[in-house]
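Structural characterization, general
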Number of protein chains: 6
Amino acid sequence: MSDPFFHPVSGLELPRFAGVPSFMRLPVVPPGHDRFADVDIGVIGVPWDSGTTNRPGPRHGPRQLRDASTMIRAENGATGVRPFEVVNCADLGDVAPNPADIADSMARITAFYEQVKVAGIRPLTAGGDHLSSLPILRALAKDGPLGMIHFDSHTDFFHSYFGGQMYTHGTPFRRAVEEGLLDPKRVIQIGIRGTAYDTEDKDFARANGVRLVEIEEFFARGIPDVMAEAREVAGGRPTYVSYDIDFVDPAFAPGTGTPEVGGPNSFQALCVARELAGVDIAGADLVEVSPPFDASGGTAFLGVSIMFEMLCAMTGKG
Amino acid sequence: MSDPFFHPVSGLELPRFAGVPSFMRLPVVPPGHDRFADVDIGVIGVPWDSGTTNRPGPRHGPRQLRDASTMIRAENGATGVRPFEVVNCADLGDVAPNPADIADSMARITAFYEQVKVAGIRPLTAGGDHLSSLPILRALAKDGPLGMIHFDSHTDFFHSYFGGQMYTHGTPFRRAVEEGLLDPKRVIQIGIRGTAYDTEDKDFARANGVRLVEIEEFFARGIPDVMAEAREVAGGRPTYVSYDIDFVDPAFAPGTGTPEVGGPNSFQALCVARELAGVDIAGADLVEVSPPFDASGGTAFLGVSIMFEMLCAMTGKG
Amino acid sequence: MSDPFFHPVSGLELPRFAGVPSFMRLPVVPPGHDRFADVDIGVIGVPWDSGTTNRPGPRHGPRQLRDASTMIRAENGATGVRPFEVVNCADLGDVAPNPADIADSMARITAFYEQVKVAGIRPLTAGGDHLSSLPILRALAKDGPLGMIHFDSHTDFFHSYFGGQMYTHGTPFRRAVEEGLLDPKRVIQIGIRGTAYDTEDKDFARANGVRLVEIEEFFARGIPDVMAEAREVAGGRPTYVSYDIDFVDPAFAPGTGTPEVGGPNSFQALCVARELAGVDIAGADLVEVSPPFDASGGTAFLGVSIMFEMLCAMTGKG
Amino acid sequence: MSDPFFHPVSGLELPRFAGVPSFMRLPVVPPGHDRFADVDIGVIGVPWDSGTTNRPGPRHGPRQLRDASTMIRAENGATGVRPFEVVNCADLGDVAPNPADIADSMARITAFYEQVKVAGIRPLTAGGDHLSSLPILRALAKDGPLGMIHFDSHTDFFHSYFGGQMYTHGTPFRRAVEEGLLDPKRVIQIGIRGTAYDTEDKDFARANGVRLVEIEEFFARGIPDVMAEAREVAGGRPTYVSYDIDFVDPAFAPGTGTPEVGGPNSFQALCVARELAGVDIAGADLVEVSPPFDASGGTAFLGVSIMFEMLCAMTGKG
Amino acid sequence: MSDPFFHPVSGLELPRFAGVPSFMRLPVVPPGHDRFADVDIGVIGVPWDSGTTNRPGPRHGPRQLRDASTMIRAENGATGVRPFEVVNCADLGDVAPNPADIADSMARITAFYEQVKVAGIRPLTAGGDHLSSLPILRALAKDGPLGMIHFDSHTDFFHSYFGGQMYTHGTPFRRAVEEGLLDPKRVIQIGIRGTAYDTEDKDFARANGVRLVEIEEFFARGIPDVMAEAREVAGGRPTYVSYDIDFVDPAFAPGTGTPEVGGPNSFQALCVARELAGVDIAGADLVEVSPPFDASGGTAFLGVSIMFEMLCAMTGKG
Amino acid sequence: MSDPFFHPVSGLELPRFAGVPSFMRLPVVPPGHDRFADVDIGVIGVPWDSGTTNRPGPRHGPRQLRDASTMIRAENGATGVRPFEVVNCADLGDVAPNPADIADSMARITAFYEQVKVAGIRPLTAGGDHLSSLPILRALAKDGPLGMIHFDSHTDFFHSYFGGQMYTHGTPFRRAVEEGLLDPKRVIQIGIRGTAYDTEDKDFARANGVRLVEIEEFFARGIPDVMAEAREVAGGRPTYVSYDIDFVDPAFAPGTGTPEVGGPNSFQALCVARELAGVDIAGADLVEVSPPFDASGGTAFLGVSIMFEMLCAMTGKG
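As the structure is a prediction and not an experimental result, all values here were calculated from the model.

1. Let's talk about the interface of chain C and chain A
- Taken residue by residue, the interface counts 24 residues in chain C and 27 residues in chain A.
- Each partner contributes to the roughly 2100 Å² buried at the junction of chain C and chain A, and carbon and sulfur atoms together form 61% of this total.
- Its largest share of buried area at the contact with chain A, chain C owes to Leu12(C), Arg73(C) and Phe267(C), together 33% of the area lost on that side.
- Across the chain C-chain A interface, the total number found is 2 salt bridges.
- Across the salt bridge formed by Arg274(C) and Glu216(A), the nearest N and O atoms sit 3.4 Å from each other.
- In this assembly, chain C and chain A are joined by 11 residue pairs in polar contact (both at pLDDT 80 or more).
- Going through the elements one at a time, α9 (266-274) and α10 (298-314) of chain C are the ones with two or more residues in the side of chain C that touches chain A.
- Class assignment for the residues of the side of chain C that touches chain A results in 14 nonpolar, 5 polar and 5 charged.

2. What about the arrangement of the chains?
- Of all C-alpha pairs spanning chain A and chain D, none lies closer than 14 Å, and the two are not in contact.
- When C-alpha atoms are compared, chain C and chain E, though not in contact, are closest at a spacing of 14 Å.

3. As for the environment of Tyr197(F)
- Position of Tyr197(F) relative to the elements: it lies in the loop between β5 (182-192) and α6 (200-207).
- For Tyr197(F), a relative accessible area of 16% translates into the label buried.
- For the pair Tyr197(F) and Ile149(F), spaced 48 residues apart in sequence, the C-alpha to C-alpha distance is 24 Å.
- Contact partners of Tyr197(F), with chain neighbours within four places excluded, come to Ser10(E), Gly11(E), Leu12(E), Arg16(E), Arg73(E), Ala74(E), Glu75(E) and Arg82(E).
- Among the polar contacts made by the side chain of Tyr197(F), one reaches the side chain of Arg16(E) at a distance of 3.5 Å.

4. Observations concerning the sheet that holds strand β1 (residues 41-46) of chain D
Residue and element names in this part refer to chain D.
- Judged by pairing direction, the sheet is parallel, and its 8 strands sit side by side in the order β2-β1-β3-β8-β7-β4-β5-β6 without closing on themselves. The open sheet terminates on both sides in strands that have one partner only, identified here as β2 (89-94) and β6 (211-214). Neighbour-to-neighbour, the strand axes of this sheet turn through a mean angle of 15°, independent of strand direction.
- Across 4 bridges, the pairing between strand β5 (residues 182-192) and β6 is parallel. Looking at β6, one finds that Ile-192 is bridged to Glu-214.
- In this fold helix α6 (residues 200-207) packs onto β5 and β6, with an angle of close to 135° to the strand it touches most, β6.

Definitions and limits used
Residues numbered from 1 in each chain as written. Chains lettered and ligands numbered in written order. Predicted model: local features only at pLDDT ≥ 70, side-chain atom pairs only at ≥ 80, totals over all residues. Heavy atoms only, no water. Contact = heavy atoms within 4.5 Å. Buried area = accessible area lost by both parts, 1.4 Å probe. Salt bridge = Lys/Arg side-chain N within 4 Å of Asp/Glu carboxyl O. Polar contact = N/O pair within 3.5 Å; in protein donor to acceptor, adjacent residues only side chain to side chain. Helix = DSSP H or I, 4+ residues; strand = E, 2+ residues; numbered from the N terminus. Nonpolar A, V, L, I, M, F, W, Y, C, P; charged D, E, K, R; others polar. Buried < 20%, exposed > 50% of the residue type's maximum accessible area, 1.4 Å probe, protein only. Pairing = 2+ DSSP bridges. Axes fitted to C-alpha atoms, helices over the stretch in contact; angles between N-to-C directions.

Okay, structure coming up:
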């Protein structure tokens with residue numbers, strides 16, 4: 001059972017539209033806080049989008065996700081899990097990026113997550129663009145390469161952009177494999193679709209043993225079957241979960257920079273996260289929520305609903 | 001056959017964007033009008049949201065629903081029913097609420113619907129938040145408890161909010177059962193989902209014999225099967241139909257105060273209403289449309305499309 | 001293999017948000033340009049909505065579709081087709097309509113497409129409202145009536161509107177059959193739904209041998225089965241493809257003037273276009289995208305994604 | 001004193017967001033109604049925009065203006081005038097246009113206003129695009145040419161568009177002068193600004209004695225001085241008032257099709273209408289409100305606030 | 001000089017879009033916090049709108065104002081005042097309202113502000129609707145009636161609504177005078193305008209010695225003159241400042257429930273607050289910001305800019 | 001007189017909503033085009049915002065500005081200047097930035113403008129964030145430091161951000177002075193306002209002889225007086241004009257990343273540009289238009305209206 005200090009504020013006491021908005025109304029416990037060491041799962045914002053090659057905006061994601069997250073209540077209606085009672089959860093605050101320097105920002109992110117890892121906290125991240133995952137993995141994979149279950153419409157396995165730029169939101173997992181942070185044979189990517197410049201990314205992925213589940217296969221087989229395979233790929237060993245909101249169809253998640261039509265609906269978006277139960281999740285992220293492209297906040301609300309499902313899975317009670 | 005007085009204005013005579021917008025372009029026949037007694041089905045607005053515990057707005061619902069309803073034509077494309085030719089339909093106007101007094105507003109609503117019931121008119125209501133259903137039921141259940149087919153993502157069976165508030169949009173059906181307005185054994189709730197504070201509402205419902213069809217069961221069994229059960233629960237006796245627009249996924253119906261992702265799409269939203277054919281409908285409502293959260297009006301257009309399906313079902317020709 | 005002159009600008013050289021936006025970043029080659037004769041497939045804008053009986057706006061469609069189309073890349077992720085390498089594609093510019101004269105505008109459109117046809121270019125049109133298809137067909141059907149595969153929620157087979165108006169976006173195919181531009185026995189309409197004034201349109205269509213696939217049948221049978229029938233109806237002879245964006249559910253395509261809820265999702269919207277592979281496509285259009293009703297541009301992005309699928313099918317490599 | 005039948009519904013009885021929205025909550029008294037002959041000032045909608053050469057939308061103006069008008073109360077805060085108590089006011093409904101035929105629509109409008117004029121009712125019109133003023137003037141100027149006070153950023157005095165189109169929203173007053181409906185020496189145009197193709201319109205206007213007050217002069221002299229001149233130009237004889245919402249700066253009135261930056265603010269927009277007091281107003285209109293370009297409704301609210309000021313001036317108590 | 005604990009986070013360290021959003025990035029120091037007693041000026045949210053008679057939404061105001069307030073920097077560019085270095089400022093959190101009970105909510109607000117007053121903290125409130133000012137005044141006027149400088153387009157001096165409702169956002173200052181919380185002879189209201197039902201409110205105000213500056217007088221005299229009078233009315237004794245955002249023209253502040261066109265611009269909106277320097281401010285509020293009517297947040301940003309000016313004035317360094 | 005090749009397409013031939021949108025409908029003549037050498041004034045897009053420290057988006061500016069610019073006609077209504085007939089104007093296309101590398105992007109921009117300068121073309125730039133001005137100045141100031149007339153709410157004279165970042169949109173003119181590109185004694189900044197971290201920027205500016213006109217002085221003196229001083233500061237020698245759209249009040253120009261309330265209105269925004277007539281303009285830019293924060297496009301329309309005024313001033317006919 002969790003410590004009551006880490007219980008979120010209830011909407012029956014303080015209405016959900018009221019109060020300073022922390023993630024899921026959890027206490028704010030940044031590094032240095034005297035309860036930091038007691039946190040089991042820490043929700044962290046990475047307000048950064050310098051890796052974006054097309055339409056920027058995810059730097060505003062954590063702010064809007066915190067706002068929307070105050071709509072989340074205590075219990076998972078589908079599974080009955082009450083995560084905040086099972087483990088100590090907290091909002092660890094945001095990493096401070098340097099909007100004008102990619103390398104410096106990545107160093108800051110890695111340093112933040114190293115503190116988290118040292119404290120034994122498993123991070124649940126609200127991005128930020130997808131390049132964020134790379135400096136996070138640099139901190140989390142200290143003990144060896146991780147597996148990864150990756151929901152996305154893009155592989156993010158490209159070599160480089162714009163004449164040699166190695167660090168963009170289209171390249172993080174290429175770097176992660178090159179740097180030994182991910183074991184490509186324990187990586188599965190689900191939902192890949194859309195037009196492409198070429199297949200250089202898929203060729204690299206497949207050549208290294210990554211399992212690609214394109215959207216046609218995903219719809220044809222169904223979620224239980226695909227997710228059973230995902231759990232098998234993860235193999236019961238420490239696995240990172242990376243969830244790009246553009247996995248979901250843009251009618252359900254318009255607030256993102258590189259949407260691809262023809263994706264899953266919101267029920268499917270939740271179900272794949274729910275099916276993570278049983279995976280040994282070393283950390284998880286929800287990235288590419290871009291508020292300027294969805295002023296209504298519907299994308300953020302879906303995003304935090306997915307984060308809540310991932311959090312439930314991370315409790316081990318999924 | 002209906003009286004031509006009650007036929008809506010055709011878009012081929014006056015374009016659909018023109019004219020003072022009444023519900024489905026029907027004549028406006030409020031209580032006291034000399035044709036009031038001739039109405040069979042009356043469409044009524046309840047512009048009231050004082051029961052809202054989270055994001056207000058449904059007080060603006062009837063206005064926007066009337067506007068959107070001018071897009072509705074004469075014939076149901078799927079079933080061929082032409083409801084305005086079958087029965088006398090009219091726009092009965094809006095109940096005047098008291099925005100600053102919940103009890104007074106409820107009394108005004110009940111009084112309005114008592115006039116409607118006495119005149120032998122079956123009401124089709126455009127809410128308003130879900131607390132609206134309670135004062136309506138108080139008028140309609142004079143002859144004994146009604147059954148109810150209820151589409152929603154929430155049960156609305158909670159006991160109270162905020163330290164004892166008995167009358168909110170989360171409690172109407174708890175009150176209705178307590179007051180003997182509903183026979184809980186003839187109540188079915190379809191579409192329940194989302195996070196929860198606890199299961200006190202579901203516990204009460206189940207303990208009293210209410211049938212809960214949560215969203216996972218709904219998708220697994222399919223609409224024909226679920227709706228066959230719904231008709232069986234209704235049991236051929238007078239039944240109220242209550243349709244909360246948040247039953248539908250927020251990508252299709254963003255304009256509502258307490259959305260829950262992972263719901264039915266618009267085709268499913270229409271089909272469940274179409275499958276009401278054969279039910280002895282004592283009255284029906286469509287509630288929780290909140291225009292401030294959907295300036296584009298898409299939610300309202302879906303709402304009136306659902307209302308038209310319910311109207312067709314109410315004609316007995318479904 | 002295509003001439004490199006006709007290759008689109010790559011987003012890896014000039015980011016996709018940059019540059020003067022032509023359709024799919026193709027070269028602009030209007031009639032009179034010295035490479036006009038070398039074009040195989042020409043993308044053409046028809047910025048015209050004088051046939052609109054309800055909510056206007058499609059005159060702005062080509063502008064927004066060009067903007068969104070700069071997000072399209074070189075290769076179809078599902079099929080591997082790289083259309084711009086297979087045939088010479090170009091943006092042929094917009095037809096200049098006369099917003100204040102329907103007959104003059106139709107004459108201008110027909111004259112433009114006659115130039116296109118004479119040059120041996122197959123047109124892919126971005127409308128414009130659905131009346132646009134009529135003057136296009138007048139140019140394309142010079143050699144005899146065409147077949148048609150038509151995706152829409154409406155038949156557009158009405159006789160007239162508003163006391164005798166023969167030329168509106170609800171009547172183009174009635175005129176096309178009357179004028180011998182379409183062979184009704186080789187016409188199939190898919191997705192028909194929504195409320196109706198009467199069945200005069202469907203009666204005419206069926207009496208002339210048109211195949212109507214209403215939305216209930218579409219969902220019940222599934223896309224492979226329906227599209228196999230469509231290819232059979234087309235019969236291996238020259239066929240026009242007309243795609244009204246209101247075929248798609250308004251949650252996915254809100255930017256249109258006469259939406260009908262309960263339609264296909266975006267994955268289905270793409271798949272039906274992909275299944276056109278093998279049809280002898282004499283020309284194709286995507287009509288009724290109305291930017292004023294979708295400022296976010298999501299409808300336009302879906303629209304150009306569909307256009308890209310149709311383009312792939314037109315290459316014969318589908 | 002006015003007949004209580006013609007008093008609007010008070011927001012203290014029925015909240016302003018409730019009820020079927022008629023203009024300023026007045027009774028709906030269309031031609032044929034048994035109280036039609038008792039109306040002094042009739043508010044009329046002209047939902048028509050076929051004269052629009054650029055961005056359409058004003059056909060939706062009357063609907064949105066009616067909605068916004070329910071915010072208007074009984075008394076002019078600045079002058080103390082209570083117009084609804086002074087004269088009998090009513091909502092006369094909308095003219096039914098023919099969206100596909102300009103000439104037919106103009107004939108319908110003229111016919112409607114002839115009924116109004118015969119009944120001795122002075123019309124206050126909610127457009128519609130500016131071409132609407134021409135068929136209205138044809139009905140009102142039966143007894144001889146009228147003067148006109150015209151607020152606009154454009155003169156609307158062009159000869160023709162698109163190769164000879166004589167009837168567009170840029171030409172109504174050229175036609176009105178040619179047809180003898182306006183006495184150009186009693187016409188003043190206020191607020192003219194923006195880029196131009198040429199000065200053919202201004203040349204015609206000035207050659208015929210029209211007084212043009214361009215925006216620089218307007219700001220330099222101030223409203224009292226300019227409006228004193230306007231009253232002098234009107235000359236105490238019957239005068240039409242035509243108010244194009246694009247007179248106002250687009251920050252205050254974005255919902256219009258041909259905005260021109262650099263215009264008056266909302267206080268100035270009201271003041272010029274207030275300064276009409278004392279003019280013998282034969283009729284007035286507020287045109288070019290285009291809801292698709294202002295979903296928030298701010299333009300419509302400003303529009304009805306201006307209409308209320310014009311109505312006060314029309315009572316002769318202004 | 002202030003205690004560094006109370007300095008806001010700088011945007012040069014943590015970008016302004018990052019971090020948990022507290023008011024002006026100040027530390028969150030709710031009642032009970034161990035630094036509570038050290039606060040000089042406390043910013044408080046009152047997320048409550050149950051007094052709204054028309055369009056609800058201000059319950060969401062504090063959330064959006066906090067978000068926008070992270071754009072505010074350390075120094076007033078016009079005056080050079082650096083308020084956070086002069087006095088200890090903090091975000092005291094939100095009062096927990098009871099959305100379903102007006103009386104209970106008012107009691108909760110008064111209780112919260114009594115704690116604040118007892119601690120010697122001067123409150124700067126982010127509403128909430130205008131009824132919020134009444135329970136605040138009940139706490140602050142313990143030592144005798146206060147003066148008030150009130151910016152608004154409405155007097156809020158009505159007796160009651162809807163058949164006797166005494167507590168709405170149109171009545172707070174009537175109650176405050178009746179209860180002896182305000183000395184009407186030391187009250188000035190600035191900006192009054194718009195249509196009215198009657199003059200009952202103004203009659204009461206004037207009969208009791210309140211000074212009303214209607215908008216025409218405001219513009220005619222100019223800000224320095226009007227504000228000199230305001231300071232004179234306040235008389236050097238404790239004075240409350242109440243700023244309804246609808247004082248400002250809706251082009252600058254669309255996000256409010258009862259807008260009135262023809263108001264001041266944003267420069268004027270700031271200047272009147274700046275001219276409060278020298279007033280003995282017992283407390284201040286900024287009310288009626290309604291985010292659902294301004295998704296872009298421009299109203300909130302203007303609101304917090306005004307709050308910052310009021311804060312500067314409250315430091316005594318204005 | 002200009003060459004007809006360089007005349008824009010008229011809206012009387014091709015309606016303004018039609019056609020591929022180039023700047024002001026001018027021909028597209030990029031470097032390498034065979035008419036490049038004949039261009040006098042070239043409009044150039046710089047779709048780049050990597051210098052943005054707060055809310056990104058100006059990379060989308062050129063696209064939306066081109067779209068809005070098709071509303072601009074041939075003649076300046078206030079001055080009668082017809083710029084396209086006086087000099088040869090063309091759209092030179094966009095510079096290709098590298099979104100992931102600031103230094104590389106700046107080099108690309110400088111290289112592009114060097115080509116422009118060598119060809120004797122004076123550039124009118126559509127940004128892009130304000131850092132864009134620095135690489136442009138590097139190309140234009142080859143012959144010695146330029147003067148500058150600068151409209152902005154910020155000085156952009158800061159030394160660095162985020163721990164030493166020298167190249168952001170807050171630092172370009174600090175660098176330009178340091179690099180000898182600007183003569184600070186011939187620099188005037190107009191419109192400065194808003195909150196600040198400190199006065200380090202203003203201190204540097206003033207210490208180097210820059211003339212700062214803060215917004216209070218601007219409003220107090222009026223445009224003719226301020227702009228006469230600006231022309232005097234420019235001193236009849238080559239001068240750069242830099243216009244940040246956030247000079248204008250955000251009610252008129254919401255689409256920008258760092259708005260400051262309390263600025264000029266749109267009439268004033270145009271007038272200051274008109275008063276540039278007589279200045280020896282070596283180049284001009286309009287920067288910081290951020291479409292994601294203004295989906296309606298009103299900011300872009302104001303932006304291109306300002307660009308048109310600057311273009312008129314650049315013709316020497318002002």
